[in-house]
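# Observations on the three-dimensional arrangement
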Amino acid sequence: MSGTKTYPKTLEGFGYGFDEEGKLRQIDPETGKLTDKGFDFNIYTNATENQEHYEALGEHITEWVYERLEQKVGLKRLVLPEGAPPEEASFVFCTQERLERPKKLLVLIHGSGVVRAGQWARSLIINHSLDSGTQIPYIERARSLGYEVLLTNTNDNYRTSGGTRKPIKGSRNPTEHAVSAFEQYVIASNPESVAIVAHSYGGVVTVELAQRFPEFFKDKVFAVGFTDSVHSASLVPKGLIEIGRNWAASSEPLDKTLTVTKNDLPRFSAGHTKHEMTSYSCMDAVFKFFEQRYEQFQEGVAAADSEPDSKKSKNEL
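About the thresholds
- Residues numbered from 1 in each chain as written.
- Predicted model: local features only at pLDDT ≥ 70, side-chain atom pairs only at ≥ 80, totals over all residues.
- Heavy atoms only, no water.
- Salt bridge = Lys/Arg side-chain N within 4 Å of Asp/Glu carboxyl O.
- Helix = DSSP H or I, 4+ residues; strand = E, 2+ residues; numbered from the N terminus.
- Buried < 20%, exposed > 50% of the residue type's maximum accessible area, 1.4 Å probe, protein only.
- Contact = heavy atoms within 4.5 Å.
- Core = buried A, V, L, I, M, F, W, Y, C linked by side-chain atoms within 4.5 Å.
- Domains from an automatic or database assignment.
- Polar contact = N/O pair within 3.5 Å; in protein donor to acceptor, adjacent residues only side chain to side chain.
- Buried area = accessible area lost by both parts, 1.4 Å probe.
- Nonpolar A, V, L, I, M, F, W, Y, C, P; charged D, E, K, R; others polar.
- Axes fitted to C-alpha atoms, helices over the stretch in contact; angles between N-to-C directions.
- Parallel < 35°, antiparallel > 145°, perpendicular 65-115°, else oblique.
- Left-handed = near helix turned anticlockwise from the far one by under 90°.

On to the pattern of salt bridges. A full pass over the atoms with the stated rule returns 12 salt bridges. Taking the shortest distance from any N to any O, the salt bridge between Glu 59 and Arg 122 comes out at 3.6 Å. Taken together, the residues span a long stretch of sequence, with Glu 59 in helix H1 (residues 47-71) and Arg 122 in helix H2 (residues 122-127) at a distance of 63 residues. Residue classification places Glu 59 among the partly exposed residues on the basis of a relative accessible area of 46%. Owing to a relative accessible area of 6%, Arg 122 belongs among the buried residues under this scheme.

Structural data, given as structure tokens:
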């Protein structure tokens, strides 16, 4: 950021607000009301200043989304690691203050870069809509289907104190954050079943989680939906291939089967050519797949419960 330029402290200070359709619109400086004008990137003659202004606005978008998750969507902010002072900790969002054996749990993992918990793409929030750029539609759909939901915050890795940038213990990088979140909140809650949606680099993180917690994934995770994931096929555990799909950016109709790399998740069209839009565009297909997988998962659990215990010794029979 420029050392001389200061920026407004609020979204309204930048001259913007969200309308009823969740679109970012300019505020008329005279009336104070929203207009039909969208975001204007080129407000300065200098390209660097325009980019700095955009990034400063983006920081306020992040805080605005956090606030909406808590005040409008009703999520709880949970400190990570547990018990750490907030100024030294990261955090996740969850539908419950404390999860206790949720019947169905959905974990959302965003991609790399500037996005934080609750976001798929900051650029979409600014230039398109809250629906396409945030995870709120996934949260609402999941809750209507009986899921509890946990949002990771994998890019929240540092805190600045006294002018010094310090890594957050247990959240120094995206994978470490996700592992901490799984250990402290997901696995610790002893869920009956878990589904995961992961966008872009979130696919890499999910593959590493599957490698780190193979038994948990085998027993509890019934479905994984990647949205244009950038993972390496050579690292994908076999168990993930059996329960997962990757909806990739494509000009083909939504959910059409695409070419598949050997030993990788099946690939389907996300119904959109733009990488950032894939999570939003394929949401219906993701939840349709999840409901099918959940039904199969329940049938498998029921079958396992009805089988006689053939491992007992003769003395136990």
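What follows is about the side chain of Thr 154. Positionally, Thr 154 belongs in the loop between strand S6 (148-151) and strand S7 (158-161). The buried category is assigned to Thr 154, whose relative accessible area is 1%. When sequence neighbours within four positions are dropped, the list of residues in contact with Thr 154 reads Ile 109, His 110, Gly 111, Asn 173, Pro 174, His 177 and Ala 178.

Judged by nonpolar contacts, the single largest core of 48 residues is most densely connected at Leu 57, Leu 69, Leu 106, Leu 108, Tyr 138 and Phe 290. Ranked by residues supplied to this core, first place goes to helix H10 (residues 283-306) with eight residues. Here this core gathers at least three residues from each of two domains, domain 1 (9-72) and domain 2 (76-301). Contacts of Phe 290, omitting those with residues within four sequence positions, involve Leu 106, Tyr 147, Ala 195, Ile 196, Val 197, Phe 222, Ala 223, Val 224 and Gly 225. One finds Leu 150, Val 179, Phe 213 and Val 236 within the second-largest nonpolar core, a separate group that totals 32 residues.

Quick look at the environment of Asp 284 now. Position of Asp 284 among the secondary structure elements: in helix H10. At a separation of 2.7 Å, a polar atom in the side chain of Asp 284 contacts the side chain of Arg 141.

Glancing now at the domain arrangement of the protein. Per the domain assignment, the segments making up the protein are domain 1 (9-72) and domain 2 (76-301). Inter-centroid distance (C-alpha atoms) of domain 1 to domain 2 is 27 Å. Carbon and sulfur atoms make up 65% of the area that domain 1 and domain 2 hide from each other, which totals about 1,600 Å². Contact with domain 2 buries area across many residues of domain 1, yet Tyr 54, Tyr 66 and Leu 69 alone supply 34% of it, more than any other trio. At the boundary of domain 1 and domain 2, one finds two salt bridges. Between domain 1 and domain 2 we count six residue pairs in polar contact (both at pLDDT 80 or more) in total. Per-class residue counts for the side of domain 1 that touches domain 2 are 10 nonpolar, three polar and six charged.

Where helix H5 (residues 174-186) meets helix H6 (residues 201-212), the axes come as close as 10 Å, and the angle between the chain directions of the two elements is 50 degrees. Taken together, the axes of H5 and H6 lie oblique to each other. For the pair H5 and H6, the crossing hand works out as right-handed. Counted together, Pro 174, Thr 175, Ala 178, Val 179, Phe 182 and Glu 183 of H5 and Tyr 201, Val 205, Glu 208, Leu 209 and Arg 212 of H6 form the full contact between these two elements. Considered class by class, the residues forming the contact of H5 with H6 number seven nonpolar, one polar and three charged.

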